[in-house]
Amino acid sequence: MLLGLGANQLLADMNRLLSLLFHQGVLDEQFLELQQLQDETSPNFVYDVVNIYFQESEKLIRNLRGLLVDKEFSDYKKMGKHLNQLMGSSSSIGAKRVNNICLAFRAASEQNNRPACLRALELLENEYCYLNNKLHEFFQIEQQRVLAAGVRYPMPPQQQQHH
């Protein structure tokens, strides 16, 4: 009985965290669509997709920083390419706020506006960090929930005997 309750409690925690992230505009419906694609045959589907997203985004953000650090020369065309990639993958996992910042960043890069690009990069890094932390927390709770829900051993006979 207790284990089942534990799993329900953890599910409630997951839902609370998700509704916070929806409320803050950090995530949108696309994240729910991903969850719909997860089933018994691919129990880690969402985790895997999001993990790949984090690996790719990390690289793209590093590249963007690299392009902006060079005061003499900023390749705005290349910046735009990186941002388009980041926007594509962000919208595919429902990372709405990251996506919105990328839009503003891209607009700044199209105007070759270095100060605005630097501000956007800082926002992007903060937002990305927040998303990363929160989704990490989400998957940790999910892992605990799966464990709590899965541990339903039948009672060994000797413990059921009443002496």
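Our structure's up above, just so we're on the same page.
So, here is what we can say about the structure in this document.

**Here we look at the layout of surface pockets**
Roughly 550 Å³ of volume is contained in the largest pocket. Forming the walls of the largest pocket are 22 residues, and the residues nearest its centre are Q38, P43, N44, F139 and E142. Put simply, the parts of the chain that give the lining of the largest pocket at least two residues each are α3 (45-69) and α6 (114-150). Counting residues per element, the lining of the largest pocket draws most heavily on α6, which supplies 11 residues. Looking at the lining of the largest pocket residue by residue, the class counts come to 10 nonpolar, 8 polar and 4 charged.

**So, the packing of aromatic side chains**
Following the criterion strictly, the structure yields 5 aromatic pairs and no others. Ring geometry for F31 and F138: centres 5.8 Å apart, planes at 75 degrees, overall edge-to-face. Of this pair, F31 sits in helix α2 (residues 29-36) while F138 sits in helix α6, and the two are 107 residues apart along the sequence. The buried category is assigned to F31, whose relative accessible area is 0%. Using a relative accessible area of 1% as the deciding quantity, one classes F138 as buried. Relative to F54, the ring of Y53 has its centre 5.5 Å away and its plane inclined at 55 degrees; by these criteria the two rings are tilted.

**Structural notes on the environment of R97**
One can find R97 in helix α5 (residues 96-110). The exposure class assigned to R97 is partly exposed, which follows from its relative accessible area of 27%. The spacing of R97 and L124 is 27 residues in sequence and 8.8 Å in space, taken between C-alpha atoms. Setting aside chain neighbours within four positions, we find R97 in contact with Q24, G25, V26, E127 and Y130.

**Quick look at the nonpolar core**
Ranked by internal contacts, the top residues of the largest apolar core, which has 43 residues, are F105, L124, L131 and L135. By residue number, the principal contributor to this core is α6, which donates 12 residues. Sequence-distant contacts of L124, that is, excluding residues within four places in its chain, are made with I61, L64, L86, V98, I101, C102 and F105.

**Some details on the side chain of N99**
Here N99 shows up in helix α5. The exposure class assigned to N99 is buried, which follows from its relative accessible area of 17%.

**Here we look at the packing of helix α4 (residues 76-93) against α6**
At a closest axis distance of 14 Å, the pairing of α4 and α6 adopts a crossing angle of 25 degrees. On the basis of their axis angle, the class for α4 and α6 is roughly parallel. Handedness of the crossing formed by α4 with α6: left-handed. Where α4 abuts α6, its residues Y76, M79, L86 and I93 lie against R114, C117, L124 and L131.

**Topic: the packing of α3 against α6**
Contact pair α3 / α6: the axes reach a minimum separation of 11 Å and the direction vectors enclose 160 degrees. Classified by the angle between their axes, α3 and α6 sit roughly antiparallel to one another. The handedness of the crossing between α3 and α6 comes out as left-handed. Residues V46, Y47, V50, Y53, F54, S57, E58, I61, L64, R65, L68 and V69 of α3 form the contact with α6, whose own contacting residues are R114, C117, L118, L121, L124, E125, Y128, L131, N132, L135 and F139. Among the residues forming the contact of α3 with α6, the class breakdown is 17 nonpolar, 2 polar and 4 charged.

Thresholds applied
Residues numbered from 1 in each chain as written. Predicted model: local features only at pLDDT ≥ 70, side-chain atom pairs only at ≥ 80, totals over all residues. Heavy atoms only, no water. 1 Å grid on protein atoms, 1.4 Å probe; cavity = no way out; pocket = protein on both sides within 12 Å on 5 of 7 lines; lining within 4 Å. Points joined across faces, edges and corners; volume = space filled by probe spheres on them. Helix = DSSP H or I, 4+ residues; strand = E, 2+ residues; numbered from the N terminus. Nonpolar A, V, L, I, M, F, W, Y, C, P; charged D, E, K, R; others polar. Phe/Tyr/Trp six-rings, centres within 6.5 Å; stacked < 30°, edge-to-face > 60°. Buried < 20%, exposed > 50% of the residue type's maximum accessible area, 1.4 Å probe, protein only. Contact = heavy atoms within 4.5 Å. Core = buried A, V, L, I, M, F, W, Y, C linked by side-chain atoms within 4.5 Å. Axes fitted to C-alpha atoms, helices over the stretch in contact; angles between N-to-C directions. Parallel < 35°, antiparallel > 145°, perpendicular 65-115°, else oblique. Left-handed = near helix turned anticlockwise from the far one by under 90°.

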